[in-house]
Amino acid sequence: KAGVTQTPRYLIKTRGQQVTLSCSPISGHRSVSWYQQTPGQGLQFLFEYFSETQRNKGNFPGRFSGRQFSNSRSEMNVSTLELGDSALYLCASSSSGTGKETQYFGPGTRLLVL
Amino acid sequence: AQSVTQPDIHITVSEGASLELRCNYSYGATPYLFWYVQSPGQGLQLLLKYFSGDTLVQGIKGFEAEFKRSQSSFNLRKPSVHWSDAAEYFCAVGRASNTGKLIFGQGTTLQVKP
């Protein structure tokens, strides 16, 4: 099976712009989780989608949003970018998202906000 | 609140030496515990996981971890480190009711001396 894929791999944006990141889960996986990784804050959970519904959410401002499509592919959007949004954004997929399932991670999208 | 602590931010060991990476968690019930490894510029790869049963779990690449409930620990070990093990290691905890969400420790960077 193909692994989790994320596009694009690298992005450079300026403050105030918005950005959309894409994640294609492993075939058959219906749960997609998003994480932000920064040197200062580490890996932080953004949100999880299952069957096109946001099922869980981390502690991030409303500028961070996402959605999931019927084929389980997911997108994450960040509006009004701030310098502090520069990070590696990782998505992970699992079959049903229960706590004991292994999450399989993609290579990430590295976002730089100037 | 759930939390995961990796006390060692950076560890250096000689090739061929043994390794132990520490992980302590704070949690009100039996957690689901994971160790992931991240090479530079890459996503996270699962090394091993613990849900229940035998407290000593074997993983890939010769790694093992031991769950100790009394100490709230899940330390990662390897008897003989290879230069290719140099990477960042993350301990994570999940729970059944917190779908799709892993809480990660801050990570331990492993450097291997020749």
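Just above sits the structure.
This one's a predicted model, so the numbers in the text were calculated from it and none came from an experiment. (Residues numbered from 1 in each chain as written. Chains lettered and ligands numbered in written order. Predicted model: local features only at pLDDT ≥ 70, side-chain atom pairs only at ≥ 80, totals over all residues. Heavy atoms only, no water.)

K.L.:
For this particular structure, what's the right way to read the overall build of chain A?
P.N.:
From N to C terminus, chain A includes 0 helices and 11 strands. Counting from the amino terminus, helix and strand elements in chain A follow one another as β-β-β-β-β-β-β-β-β-β-β. For 114 residues, the compact-globule formula gives about 13 Å, and the C-alpha radius of gyration of chain A, at 13 Å, lands near that figure. If one aligns the C-alpha atoms of chain A with their principal axes, the spans along those axes are about 35 × 25 × 25 Å. By the burial criterion, 53% of the 114 residues in chain A qualify as buried. Within chain A, residue pairs in contact and separated by at least 24 positions form 55% of the contacts whose partners lie at least 6 positions apart. A total accessible area of about 5,200 Å² is found for chain A, and carbon and sulfur atoms account for 49% of it. Looking at charge distribution, chain A has the averaged site of its 12 positive side-chain charges lying 4 Å from that of its 6 negative ones. (Helix = DSSP H or I, 4+ residues; strand = E, 2+ residues; numbered from the N terminus. Rg over C-alpha atoms; globule rule 2.2 N^0.38 Å. Buried < 20%, exposed > 50% of the residue type's maximum accessible area, 1.4 Å probe, protein only. Contact = heavy atoms within 4.5 Å. Areas by Shrake-Rupley, 256 points an atom, 1.4 Å probe, with all protein chains shown as cover. Lys, Arg positive; Asp, Glu negative; His and termini not counted. Charge placed at Lys NZ, Arg CZ, Asp CG, Glu CD.)

K.L.:
What is the right way to read the side chain of Gln2(B) from this model?
P.N.:
Residues and elements named next belong to chain B. Its location among the elements puts Gln2 in the segment before strand E1 (3-5). By relative accessible area, Gln2 is classed as buried at 18%. Leave out the neighbours within four places in its chain, and Gln2 touches Ser26, Tyr27, Val93, Arg95, Asn98 and Ile103.

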